[in-house]
Amino acid sequence: METVVLEVLDPMAGTLSSPRHHVKLFLRHCASTFLGRSPAFLQNLAAGYLSIMLGMAQSSQVTEAPPAPAEHADDRALRDDNGRKRLERASSAITMAVILVLIFSATVRLYELQRPNVLVFDETYYARDAHTVLHGYLGPNPLYSWEPGKEISWPHPEYGKFAIAVGEAAFGNVSFGWRIVSAICGTLLLVLVYPLGRRFGLSPPWALLGLVLAASDFLGIVQSRIATLDIFVALWSVLCIYLALRYVQTGHRLRWLFLCGLAGGLALGTKWSGGFTV
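Time to look at the nonpolar core. Ranked by internal contacts, the top residues of the largest apolar core, which has 29 residues, are Ile164, Val181, Phe232 and Leu243. Breaking this core down by element, the ones donating at least two residues are helix H5 (123-134), helix H6 (159-171), helix H7 (175-199), helix H10 (230-249) and helix H11 (254-270). At 9 residues, the largest contribution of residues to this core is made by H10. Setting aside residues no more than four positions away along its own chain, Val181 makes contact with Ala163, Gly167 and Phe232. Listed in part, the 11 residues of the second largest apolar core include Val98, Val193, Ala207 and Ala215.

What follows concerns the confidence of the model for the protein chain. Of the residues in the protein chain, 63% reach a pLDDT of 70 or more, and the chain-wide mean stands at 77. The secondary structure element of the protein chain with the lowest average pLDDT is helix H1 (residues 2-9), at 44, and the one with the highest is helix H8 (residues 204-215), at 96. Taken together, the stretch residues 1-17 has pLDDT below 50 and engages in 31 contacts with residues farther than four places along the chain or on a different chain.

The subject of this paragraph is H5. If you check H5, its first and last C-alpha atoms are 16 Å apart, about what 12 residues at 1.5 Å a residue would give, namely 16 Å. After H5 finishes, the residue Gly136 shows a positive phi value of roughly 75°.

Calculation notes
Residues numbered from 1 in each chain as written. Predicted model: local features only at pLDDT ≥ 70, side-chain atom pairs only at ≥ 80, totals over all residues. Heavy atoms only, no water. Core = buried A, V, L, I, M, F, W, Y, C linked by side-chain atoms within 4.5 Å. Buried < 20%, exposed > 50% of the residue type's maximum accessible area, 1.4 Å probe, protein only. Helix = DSSP H or I, 4+ residues; strand = E, 2+ residues; numbered from the N terminus. Contact = heavy atoms within 4.5 Å. pLDDT = per-residue confidence, 0-100. Expected span 1.5 Å × (residues − 1).

Below, the structure written as structure tokens:
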């Protein structure tokens, strides 16, 4: 029985000097010690098992790798000279649908933007602070030196309030003035949705569906029509992710990395939660 085990474990005993040969010698010693003290039926069972396992191991060494599945046979045709996968070109119908969704979404966000003609929700803080920034009512308070002038929302960074101040500088300290930049940024956010979906590997119809869902989101519509910080941090965060994908998927060009860092910095400078994007 021991002879059978030795032949199974080491059919070329004495002819190998590789590490694999030493491993076989060790296994042969263990097997002979165990099988020499086992009943006959266990010896036969173990010998058969070892014979099967050795045959599988030897066949795996000479068997060639299986061919690629048929559905991936044309994958090389979808890649450019540098091995990067090309994006499937959208049909003219998909392109037209994307344009129509964006036009309709911009209309929804801009229609009667001045209504209601009063401060809504957190506009009480951010629209007023944009006016404070615009007119320079900053700096230490004579009575309370730790307060930053007349600014109320001082725990938040300033970039979002700067953006609101741009609208107030252009159209005045009125409801349309403090909301117009939010509406523009909300529309630009939707502009990024379709190409972002394509960068994530979605086909044109599925990326279009993602755009439709994003455009019809009620929270996104509301945030685009009031002067708060959330729509700005959302825009910069999505732009940062999109630029990161461009950097990875287009040969690691430094300009995409620089723009990605810039967008991430703007997200963080708008609201501290933008740091999660970075």
